[in-house]
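Letter by letter, the chains look like this.
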Amino acid sequence: MNLTPEKTAVVLIEFQNDFTSPGGSLHDAVKGVMQSNNTLANTVNMVTKAREMGAQIVHVPISFADGYHELRRQPYGILKGVVDSKSFRKGTWGVEIVDVLKPQAEDIIIEGKRGLDGFVSTNLDFILRSRGIQTIALAGFLTNCCVESTMRTGYELGYEVITLTDCTATLSEEEQKMACEKDYPMFSQPMKGADFIGELEGKLVVESTGGRGYN
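Residues numbered from 1 in each chain as written. Predicted model: local features only at pLDDT ≥ 70, side-chain atom pairs only at ≥ 80, totals over all residues. Heavy atoms only, no water.

Brief notes about the overall build of the protein
- Scanning the protein from N- to C-terminus turns up eight helices and six strands.
- Mapped from its N terminus to its C terminus, the protein presents α and β elements in the order β-α-α-α-β-α-β-α-β-α-β-α-β-α.
- Relative to its length of 215 residues, the protein is compact, with a C-alpha radius of gyration of 16 Å against a globular reference of 17 Å.
- Taken over the C-alpha atoms alone, the protein extends approximately 50 × 35 × 30 Å along its principal axes.
- Relative to its 215 residues, the protein shows a buried fraction of 50%.
- Long-range pairs, those at least 24 residues apart, make up 76% of the contacts in the protein with a sequence separation of at least 6.
- Within the structure as shown, the protein displays about 10,600 Å² of accessible surface, and the carbon and sulfur contribution to it stands at 49%.
- The averaged location of the 28 negative side-chain charges in the protein is 3 Å from the averaged location of its 21 positive side-chain charges. (Helix = DSSP H or I, 4+ residues; strand = E, 2+ residues; numbered from the N terminus. Rg over C-alpha atoms; globule rule 2.2 N^0.38 Å. Buried < 20%, exposed > 50% of the residue type's maximum accessible area, 1.4 Å probe, protein only. Contact = heavy atoms within 4.5 Å. Areas by Shrake-Rupley, 256 points an atom, 1.4 Å probe, with all protein chains shown as cover. Lys, Arg positive; Asp, Glu negative; His and termini not counted. Charge placed at Lys NZ, Arg CZ, Asp CG, Glu CD.)

Written as structure tokens, this is what we have:
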């Protein structure tokens, strides 16, 4: 893989307090995988280094008005869970991006995400293309929901898609493993955050399996 920082965007999906932080409405649901995966620390390290090298950092939070009028009258599935838990409401602490990943001046914040796919109800594709982005590296929540949905569309749209497996989390270890090992390889190049940084730096990356990456 030959990555160029100025043509690469790190897309951070829903690193918001309701997921990331103790007291968040959905934190208890994901904290097990977050802890075993070291999700937040891995992501902070990855973002810091990617930003320093000139990659574009893009935040894709989700938010709703009180009453969730942006959704169908009787939501079902994952979005019903969001409504029932009163998550991601505008003006609340829970909807805010977690402090350790607060957007910097040069970052981009995408507005309008109301569903699972980061592309569907936003101008994410327009902004990426206008900035000449060719590669997107995805991190966030949930591994097998919003990250996976965004991955699939990114693949269809022609981006080179990387999924950062240890910078994601979901509801169970089983779901995490299934998404990363079975689904992600079909539509992306899965790798750990540190390996992505190594590729971005153009350094030789030696995998634990004995495989090799090249400059």
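What to know about the side chain of asparagine 17
- Examined against the element boundaries, asparagine 17 turns out to sit in helix 1 (residues 17-20).
- With relative accessibility at 5%, the residue asparagine 17 sits in the buried group.
- Within polar-contact distance, the side chain of asparagine 17 engages the side chain of serine 21 at 2.8 Å.
- Ignoring anything within four residues of it in the chain, the contact list for asparagine 17 reads Gly24, Trp93, Gly94, Glu96 and Val98. (Polar contact = N/O pair within 3.5 Å; in protein donor to acceptor, adjacent residues only side chain to side chain.)

Considering the confidence of the model for the protein
- Scored by pLDDT, the protein comes out at a mean of 93, with 94% of its residues at no less than 70.
- Here residues 204-215 scores under 50 on pLDDT; set against residues more than four positions off or in separate chains, the count is 14 contacts. (pLDDT = per-residue confidence, 0-100.)

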